[in-house]
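Geometric and topological summary
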Amino acid sequence: MKTRFRPGSFFLSAYGWLFLTFIYVPILLIVVFSFNANPVNMMIWDGFTLDWYRTIFGFPTTLNEQTLYVESTAQLYSAVLNSLTVAFLTTLVSTIFGTAVALAVARFRFRLKSFYRALMFMPMIMPDIILGIALLIFFVSFGFSLGLQTIVIGHTTFLCSYVFVVVSARLADMDESLEEASADLGADGWTTFRRVTLPMIAPGVIGGAMLAFIISMDDLVITYFISGVDSTTLPVHIYGMLRRGIKPEINAIATIMLLSSFVIASIGLYLRARKK
Amino acid sequence: MTARFASLKARRALTLYGLLLTPTVFLAFFFLGPLSIMMVYTFLTPGLYGGVEWVFSHLNYGRILGWADTRYDQFDPVYISIFLRSVRLAATTVLTCLVICYPFAFWVARQPERWKNFFIFLITLPFFISLIVRLFAWVLILRPTGFLNQALLGMGVVAQPLDIIFTDMAVVIGMTYVFIPFMFLPLYSSIEKLDGSLIEASQDLGASPLQTFLRVVLPMTLPGIVGGSIIVFIPSLGNFIVPSLLGGARVVMIGNLIEQQFLSARNWPFGAALGMMVMAAVLLLLMIYVRILSREDKQAETQQPKEEETR
C-alpha cells in the first residue's frame, strides 16, 4: 500500500517496535527472573539458580525450608494431569459435534438452519462468567457431582462452537462439485464422505481441534465455577497460588507453561505452513 | 426410478438427523438448559443456609435496581455503582486497546508481505500463552516491590514506590494487555482492505491529513473498530480474574460480586440476577451493533447507483 498518507514514517516505525516491546517484555521478565536466586525480592537480581525449577520437580535444593513455598508437588502434578485429561476428552467430543453440525449446515437444506447458526454463535459471545454460573446452578440442582466430568461437559458446550466456525470456513471454501462427481460415479454417501469430504476438510478439523485443545487447557473462569474440590485444573491451581501469595516458584511454573505454549503454537503453524 | 429417488431422499434425511441428533440433545441439555435455569433462579428466594426456596421473589432485582426487602435492609445503590464502574472500566479498556492498536495495525499493513505475516504471528502468539501467566507478569511488574518500581527507584525518578497495583489503572492495564489480540485482528483486516487510491484522491482534492483521516480513513475502517470494540468489551465487562489479581479488594467489578455471591456469600439467586445485568448489557450492545450493520448495508446499497451515475 504505497500512498502519500504517511504521518511520519519514522515515528510510526518506532511506535511499532515499542508496541511489540510492550507485548513481549512482561513475558520475558518472567523467564529471566525464574532463574533469579533472590528468595526475598524476586525483582532484584541475585545470581543464577535452578532452585525454583528443582522445587517444582521435587528435587533437593540449596534453599532453606522457610523460603520454600510450593504447597505440594503432588497437587501441581494432579492439576496438570487433570488439565490434560479434560482437554483431550473435550477436544474429542467438541470436534465431533462441531464438525457434524458444520457439515449439516453447509451441505443440507432444512428449516432450522438459521436456528443452528444462532445456537452455535451464542456460546462465543456469552460472557464466560455467565456460562460458568449457569452451569454451576444446573449441575447442582440436577445432582451432578462436580468433578472432571462436569468440566468436560462445560468446556464442550462452548468449544463445539469454535470447531464449528473453523470447519464451516473450510467447508465454504471447498468445491462442492467434487462431492457431486463422486456421487455421480456411484460412490455411496459414506464412501464419498470418507474419500472426498473428509480429506478436504481435514485441515479445518485439525485446526478446530487444536484451537479447542488450547482454549480448554487455558480456561479459567468456567472451570473455576464447575470444578470440584479435588479436580482443579492447572490454571485454577495457579490462580489459587497467586491469591495466596506471589512466590518465585510461580515464575518457574509459568516459564514451563510458556515453553509448552510456544511448542504447541509452532506445531500448529508448522502444520498450517505444510498445508499450503 | 422414483422409488430409488425417494429412498435416496430418505437416506439423506436420515444422515442429517444422524449428524444433528447428538449435538442438539447435548446443547439443549447442557447449554440452553443451564441458561434457562439461571433465569428462573433470578426470581427465586434464597434459602437461609445457601440453596434456594421455590418461592417467587422479585427482590433479587429489587436489591440491585432500587427496591429492597424492607424487613431486612434498606436499598443500597452500591450494586448499581459497581455495575457502572465495570462499564466504565470495560469502556476504558476498549478505548485503550483501540488507541494502542490502531497505529500499529496501520504500520503492519504497510510492511512487505513476509514481514506482515511475521508481525501478525507475533501478535497472535500471546493468544496461545495462558491468560493467568500473562496476568502474573503484570502482578510482578506493578507490585510495590515490583519491576516498575525497582526501575523507577533505581533511576531516581521517584523517591517512594508508586502505588499502582490495586488501582483502576492497574485493572485497565491488565485487561488491555490480555485483550489486545482481540482488538488487533478485526482492526487489521479492515485497515488492510483500505483503498490507497481513495486516500490519494482525498489529498489531491486538497484535504489536510486530519481531514483525510476523519472523512476517509476513519469511516472506512469503522467495521473493524466496532467489531474489535465489541469483542473486547464483552469479556472485560464481566471479568473477575483481572480485578481480583490486579485490583485487589479496592477495585471491585461486577464479576467479583457475582463470584462472591456464588462461592462465599452463597446467595445464588442474587448472584444470578447480577449475572443477568451483565447479560442485558451485552445483548443491548449486540443489538446496537446489528442496527449499525444493517444501516451501513442500506447506505452502501443506496450509494452504489449514485457512484455509477457520477462516473
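Residues numbered from 1 in each chain as written. Chains lettered and ligands numbered in written order. Predicted model: local features only at pLDDT ≥ 70, side-chain atom pairs only at ≥ 80, totals over all residues. Heavy atoms only, no water.

Structural notes on the overall build of chain A
A tally of regular secondary structure across chain A gives 11 helices and 0 strands. Taken from the N to the C terminus, the helices and strands of chain A come in the order α-α-α-α-α-α-α-α-α-α-α. On C-alpha atoms alone, chain A measures out to a radius of gyration of 24 Å, which is more than a quarter above the 19 Å that the 2.2 N^0.38 rule sets for 276 residues. Across the 276 residues in chain A, those meeting the buried criterion constitute 50%. Look at the contacts in chain A between residues 6 or more apart in sequence, and 66% of them connect residues 24 or more apart. Accessible area of chain A: about 13400 Å², with a carbon and sulfur share of 66%. Averaged over its 19 positive side-chain charges, chain A has a centre that lies 11 Å from the centre of its 16 negative ones. (Helix = DSSP H or I, 4+ residues; strand = E, 2+ residues; numbered from the N terminus. Rg over C-alpha atoms; globule rule 2.2 N^0.38 Å. Buried < 20%, exposed > 50% of the residue type's maximum accessible area, 1.4 Å probe, protein only. Contact = heavy atoms within 4.5 Å. Areas by Shrake-Rupley, 256 points an atom, 1.4 Å probe, with all protein chains shown as cover. Lys, Arg positive; Asp, Glu negative; His and termini not counted. Charge placed at Lys NZ, Arg CZ, Asp CG, Glu CD.)

Observations regarding the environment of B:Gly271
As for its position among the elements, B:Gly271 is in helix H13 (residues 268-310). A relative accessible area of 0% places B:Gly271 in the buried class. Residues B:Gly271 and B:Ala151 lie 120 residues apart in sequence; the distance between their C-alpha atoms is 42 Å. With residues up to four places along the chain from it excluded, the contact list for B:Gly271 reads A:Ile133, B:Ile258, B:Gln261 and B:Phe262.

Comments concerning the nonpolar core
Counting residues in each nonpolar core, the largest one holds 164 residues, and the members touching the most others are A:Phe225, B:Phe136, B:Phe184, B:Ile241, B:Leu246 and B:Phe262. With 17 residues, helix H3 (residues 78-109) of chain B is the largest single contributor of residues to this core. Excluding residues within four positions of it along the chain, B:Phe262 makes contact with A:Ile133, A:Leu136, A:Ile137, A:Phe225, B:Trp268, B:Gly271 and B:Ala272. (Core = buried A, V, L, I, M, F, W, Y, C linked by side-chain atoms within 4.5 Å.)

Concerning the packing of helix H9 (residues 209-220) of chain B against helix H10 (residues 222-237) of chain B
All names here are of chain B. Remark: H9 packs on H10, axes separated minimally by 4 Å, with the N-to-C direction vectors making an angle of 55 degrees. As far as their axial angle goes, H10 and H9 are oblique. Counting all contacts with H9, which are made through Leu218, Pro219 and Met220, the residues of H10 involved are Leu222, Pro223 and Ile225. (Axes fitted to C-alpha atoms, helices over the stretch in contact; angles between N-to-C directions. Parallel < 35°, antiparallel > 145°, perpendicular 65-115°, else oblique.)

Some words on the interface of chain B and chain A
On the chain A side, the residues contacting the 84 residues of chain B number 84 residues. There are 1 salt bridge connecting chain B and chain A. Between B:Glu259 and A:Arg243 there is a salt bridge whose closest N-O contact spans 3.8 Å. Inspection of the region where chain B meets chain A yields 12 residue pairs in polar contact (both at pLDDT 80 or more). (Salt bridge = Lys/Arg side-chain N within 4 Å of Asp/Glu carboxyl O. Polar contact = N/O pair within 3.5 Å; in protein donor to acceptor, adjacent residues only side chain to side chain.)

Topic: the domain arrangement of chain A
Residues and elements named next belong to chain A. Entries for chain A in the domain assignment read domain 1 (9-67) and domain 2 (73-246). The gap between the C-alpha centroids of domain 1 and domain 2 is 34 Å. Taken together, the contact pairs 5 residues of domain 1 with 4 residues of domain 2. When domain 1 packs against domain 2, close to 280 Å² is buried across both sides, 60% of that on carbon and sulfur atoms. The largest contributions to the domain 1 side of the interface with domain 2 come from Met42, Ile56 and Phe57, which together make up 85% of the buried area. In this assembly, domain 1 and domain 2 are joined by 0 salt bridges. The interface formed by domain 1 and domain 2 includes 0 residue pairs in polar contact (both at pLDDT 80 or more). In the side of domain 1 that touches domain 2, the residues fall into 3 nonpolar, 2 polar and no charged. (Domains from an automatic or database assignment. Buried area = accessible area lost by both parts, 1.4 Å probe. Nonpolar A, V, L, I, M, F, W, Y, C, P; charged D, E, K, R; others polar.)

A word on the pairing of strand E2 (residues 52-56) of chain B
Sheet topology places strand E1 (residues 44-46) of chain B next to E2(B); 3 bridges connect them, and they run antiparallel. Within E2(B), the position partnered with B:Pro46 by the bridge is B:Val52. (Pairing = 2+ DSSP bridges.)

Here we look at the pattern of salt bridges
Under the counting rule described, the total for this entry stands at 8 salt bridges over all chains. As a salt-bridge pair, A:Glu176 and A:Arg107 come within 3.8 Å of each other at their nearest N and O atoms. Taken together, the residues A:Glu176 in helix H7 (residues 176-184) and A:Arg107 in helix H3 (residues 73-107) connect sequence positions 69 residues apart. A:Glu176 gets classed as partly exposed once you look at its relative accessible area, which sits at 38%. The salt bridge involving B:Lys116 is made with B:Glu192; its shortest N-O contact spans 3.1 Å. Highlighted residues: B:Lys116 in helix H4 (residues 113-128) and B:Glu192 in helix H7 (residues 168-192), separated in sequence by 76 residues.

Things to note about the packing of aromatic side chains
Counted according to the given criterion, the structure contains 47 aromatic pairs over all chains. With a centroid separation of 6.4 Å and an interplanar angle of 50 degrees, the aromatic rings of A:Tyr15 and A:Phe19 are classed as tilted. In this pair, A:Tyr15 and A:Phe19 are both assigned in helix H1 (residues 9-33), 4 residues apart and thus about one turn of the helix distant. Residue A:Phe19 is classed as buried on the basis of its relative accessible area, which comes to 3%. An aromatic cluster is present here, built from A:Tyr15, A:Trp17, A:Phe19, B:Phe104, B:Trp107, B:Trp115, B:Phe118, B:Phe119, B:Phe184 and B:Tyr188 joined pairwise through their rings. One cation-aromatic arrangement involves B:Arg12 over A:Phe108; the distance from NZ or CZ to the ring centre is 4.4 Å. Just above the ring of B:Phe270 sits the side chain of B:Arg63; from NZ or CZ to the centre is 3.9 Å. (Phe/Tyr/Trp six-rings, centres within 6.5 Å; stacked < 30°, edge-to-face > 60°. Lys NZ or Arg CZ within 6 Å of the ring centre and 35° of its normal.)

Quick word on the environment of A:Phe138
Secondary-structure assignment places A:Phe138 in helix H5 (residues 128-141). On the basis of relative accessibility, which here comes to 3%, the residue A:Phe138 falls in the buried class. Along the primary structure A:Phe138 and A:Ala106 are separated by 32 residues, whereas in three dimensions their C-alpha atoms are 32 Å apart. What A:Phe138 contacts, discounting residues up to four positions off in sequence, is A:Phe144, B:Phe29, B:Phe30, B:Gly33, B:Pro34 and B:Ile37.

Notes on the domain arrangement of chain B
Residues and elements named next belong to chain B. What the domain assignment reports for chain B is domain 1 (2-65) and domain 2 (78-310). Each of domain 1 and domain 2 was reduced to a C-alpha centroid, and the two centroids are 32 Å apart. Between domain 1 and domain 2, the residue contacts involve 14 residues of the former and 12 residues of the latter. Roughly 1400 Å² of surface becomes buried between domain 1 and domain 2 when both sides are summed, with 76% attributable to carbon and sulfur atoms. Where domain 1 packs against domain 2, one counts 0 salt bridges. Linking domain 1 to domain 2 there are 1 residue pair in polar contact (both at pLDDT 80 or more). At the level of secondary structure, the elements contributing two or more residues to the side of domain 1 that touches domain 2 comprise helix H1 (2-41), E1 and helix H2 (59-65).

Some points on the packing of H7(B) against H10(B)
The geometry of a pair of packed helices is captured by two quantities: the angle between their axes and the separation between those axes. Residues and elements named next belong to chain B. The geometry of H7 relative to H10 is characterised by a closest axis approach of 8 Å and an angle of 155 degrees between their N-to-C directions. Classed by the angle they form, the pair H7 and H10 counts as roughly antiparallel. As H7 packs across H10, the resulting crossing turns out to be right-handed. Residues Met175, Phe179, Phe182, Met183, Pro186, Leu187 and Ser190 of H7 form the contact with H10, whose participating residues are Gly224, Ile225, Gly227, Gly228, Ser229, Ile231, Val232, Pro235 and Ser236. Along the lines of polarity and charge, the residues of the contact of H7 with H10 split into 10 nonpolar, 6 polar and no charged. (Left-handed = near helix turned anticlockwise from the far one by under 90°.)

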